[in-house]
Amino acid sequence: MRYIHKHPEPAVLKKWKEAQASQGLSLLYDIFPDKKQLNDILREEQHDICCYCQRRIEHFQNPLRGGSHNEHLYPENRPNDPQSIARQTDYDNIYACCIDSRGQKSSMQYCGEAKHNRIIPELIKDTHCSDYFRYNNLGEIIPNGEYLQWAEYVEHSSSLTGEIADAYECIRTLNLNAIPLVLFRNEVRERFITMAKGLDVAKLKDFIASYQSAPTFQELLDMKLQLMHQRIAVLEEKDNNK
């Protein structure tokens, strides 16, 4: 997960809300007519990666692979929750989220498909979001704390505090260590490590800069950035020991 810089509210949503309000009509998301256009804007804003798992998203809804929906960070469908209603068309509460796992059994679902109407810490609004997570050599995403595997965080979950507890809750609720995601990360990780071994420090730093400024982000961007920073540290340590 990483911080997502939200742009000003797009005209397609702003004008609809103004028109609805001027007639005393509802601002519920279900009746907003331009969901696909809004999704196009959201995907561009997020550089075409899912707001949670960082897999590629390419279009609105079906087909499932590469598809996305308009995700409400604070759920829009919580019963008897005034905030759920009030934030339905709040642009700062809407993101583009993958739908790859839609229709799978619950243990295999992830991101918005796993979250449903549960509340998670809103870390993607925090500019330091990426600092609260890291990836291990098993292909798992874990809180950036003292333990090395997801199972250890699960075992000690009751004692976690602060950003570590928030990161844990996001991973758990979004099921970001679902088997399909872990397998995908491992596949990408192995290929990327092989590629990075042939690069020197200067080239790795060039890649980091280009990855972070690209109009379309790499899938699993933060994992790749972490791997490159780790490789730089190894190379610089070797240079210092010469």
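A short tour of the structure in this document, coming up. All figures in this text were calculated on a predicted structure; none of them were measured in a lab. (Residues numbered from 1 in each chain as written. Predicted model: local features only at pLDDT ≥ 70, side-chain atom pairs only at ≥ 80, totals over all residues. Heavy atoms only, no water.)

## Let's talk about the overall build of the chain
In step 1: The secondary structure content of the chain amounts to nine helices and five strands.
In step 2: Along its sequence from the N terminus, the chain presents helices and strands in the succession α-α-β-β-α-β-α-β-β-α-α-α-α-α.
In step 3: Its C-alpha atoms give the chain a radius of gyration of 19 Å, near enough to 18 Å, the size a compact globule of 242 residues would have.
In step 4: Structurally, the chain occupies a C-alpha span of about 75 × 40 × 30 Å along its principal axes.
In step 5: Taking all 242 residues of the chain together, 48% fall into the buried category.
In step 6: Considering only residue pairs separated by 6 or more positions, the chain has 63% of its internal contacts joining residues 24 or more positions apart.
In step 7: Carbon together with sulfur atoms contributes 50% to the accessible area of the chain, which is approximately 12,200 Å² in total.
In step 8: In the chain, 30 side chains carry a positive charge and 35 a negative one; their mean positions are 4 Å apart. (Helix = DSSP H or I, 4+ residues; strand = E, 2+ residues; numbered from the N terminus. Rg over C-alpha atoms; globule rule 2.2 N^0.38 Å. Buried < 20%, exposed > 50% of the residue type's maximum accessible area, 1.4 Å probe, protein only. Contact = heavy atoms within 4.5 Å. Areas by Shrake-Rupley, 256 points an atom, 1.4 Å probe, with all protein chains shown as cover. Lys, Arg positive; Asp, Glu negative; His and termini not counted. Charge placed at Lys NZ, Arg CZ, Asp CG, Glu CD.)

## Notes on the pairing of strand β3 (residues 94-98)
Sheet faces and side chains relate simply in a regular strand, where the side chains alternate between the two faces.
In step 1: Of all five residues in β3, five are buried; the element is thus mostly enclosed.
In step 2: Residues Ile-94, Ala-96 and Cys-98 point to one face of β3 and Tyr-95 and Cys-97 to the other, with burial holding for every one of them.

## Brief notes about the nonpolar core
In step 1: Among the nonpolar cores identified, the biggest contains 63 residues, and Met-1, Tyr-52, Cys-111, Ile-124, Phe-133 and Leu-176 are the most heavily contacted of them.
In step 2: The contacts of Phe-133, once residues within four sequence positions are left out, are Met-1, Leu-123, Ile-141, Ile-142, Pro-143, Asn-144, Ala-167, Cys-170 and Ile-171. (Core = buried A, V, L, I, M, F, W, Y, C linked by side-chain atoms within 4.5 Å.)

## As for the packing of helix α8 (residues 201-213) against helix α9 (residues 221-240)
In step 1: One can describe the packing of α8 onto α9 by two numbers: an axis separation of 10 Å at closest approach and a directional angle of 160°. Considering their axes alone, α8 and α9 lie roughly antiparallel with respect to each other. Here the hand of the crossing between α8 and α9 comes out left-handed. Here Val-201, Leu-204, Lys-205, Phe-207, Ile-208, Tyr-211 and Gln-212 of α8 lie close against α9, whose contacting residues are Leu-221, Lys-224, Leu-225, Met-228, His-229, Arg-231, Ile-232, Leu-235 and Glu-236. (Axes fitted to C-alpha atoms, helices over the stretch in contact; angles between N-to-C directions. Parallel < 35°, antiparallel > 145°, perpendicular 65-115°, else oblique. Left-handed = near helix turned anticlockwise from the far one by under 90°.)

## Thoughts on the pattern of salt bridges
In step 1: For the coordinates displayed, the defined rule picks out 17 salt bridges.
In step 2: We note a salt bridge from Asp-40 to Arg-43, for which the minimum N-O separation is 3.0 Å. Of this pair, Asp-40 and Arg-43 both sit in helix α2 (residues 35-45), separated by three residues, roughly a single helical turn.
In step 3: With its nearest N and O atoms 3.9 Å apart, the salt bridge here joins Arg-55 to Glu-219. With Arg-55 in the loop between α2 and β1 (59-60) and Glu-219 in the loop between α8 and α9, this pair connects stretches of sequence that are 164 residues apart. Across this residue pair, the class does not change: Arg-55 and Glu-219 are buried. (Salt bridge = Lys/Arg side-chain N within 4 Å of Asp/Glu carboxyl O.)

## Some thoughts on the side chain of Ser-101
In step 1: Note on placement: Ser-101 falls in the loop between β3 and α4 (112-115).
In step 2: Overall, the relative accessible area of 2% leaves Ser-101 in the buried class.

## Some remarks on the packing of aromatic side chains
In step 1: All chains considered together, the criterion is met by five aromatic pairs.
In step 2: When the centroid spacing of 5.0 Å and the interplanar angle of 25° are considered together, the rings of Trp-150 and Tyr-168 count as stacked. Here Trp-150, found in helix α5 (residues 150-155), pairs with Tyr-168, found in helix α6 (residues 162-174); they are 18 residues apart in sequence, far enough to count as distant.
In step 3: Overall, the relative accessible area of 14% leaves Trp-150 in the buried class.
In step 4: On the basis of an interplanar angle of 50° and a centroid distance of 6.3 Å, the ring pair of Phe-192 and Tyr-211 is categorised as tilted. Of this pair, Phe-192 sits in helix α7 (residues 179-196) while Tyr-211 sits in helix α8, and the two are 19 residues apart along the sequence.
In step 5: For Phe-192, a relative accessible area of 6% gives the class buried.
In step 6: According to the relative accessible area criterion, Tyr-211 is buried, its value standing at 9%.
In step 7: The ring of Tyr-91 carries the charged tip of Lys-6 above its face, separated from the ring centre by 4.0 Å.
In step 8: In this arrangement the basic side chain of Lys-6 is found over the ring face of Tyr-95, its NZ or CZ atom lying 4.4 Å from the centre. (Phe/Tyr/Trp six-rings, centres within 6.5 Å; stacked < 30°, edge-to-face > 60°. Lys NZ or Arg CZ within 6 Å of the ring centre and 35° of its normal.)

## As for the packing of α7 against α9
In step 1: Relative to each other, α7 and α9 sit at 35°, their axes nearing to 10 Å. Classified by chirality, the crossing of α9 by α7 is right-handed. On α9, the residues that touch Arg-185, Val-188, Arg-189, Phe-192, Ile-193 and Ala-196 of α7 are Met-223, Lys-224, Leu-227, Met-228 and Arg-231.
In step 2: Looking at the contact of α7 with α9 residue by residue, the class counts come to seven nonpolar, no polar and four charged. (Nonpolar A, V, L, I, M, F, W, Y, C, P; charged D, E, K, R; others polar.)

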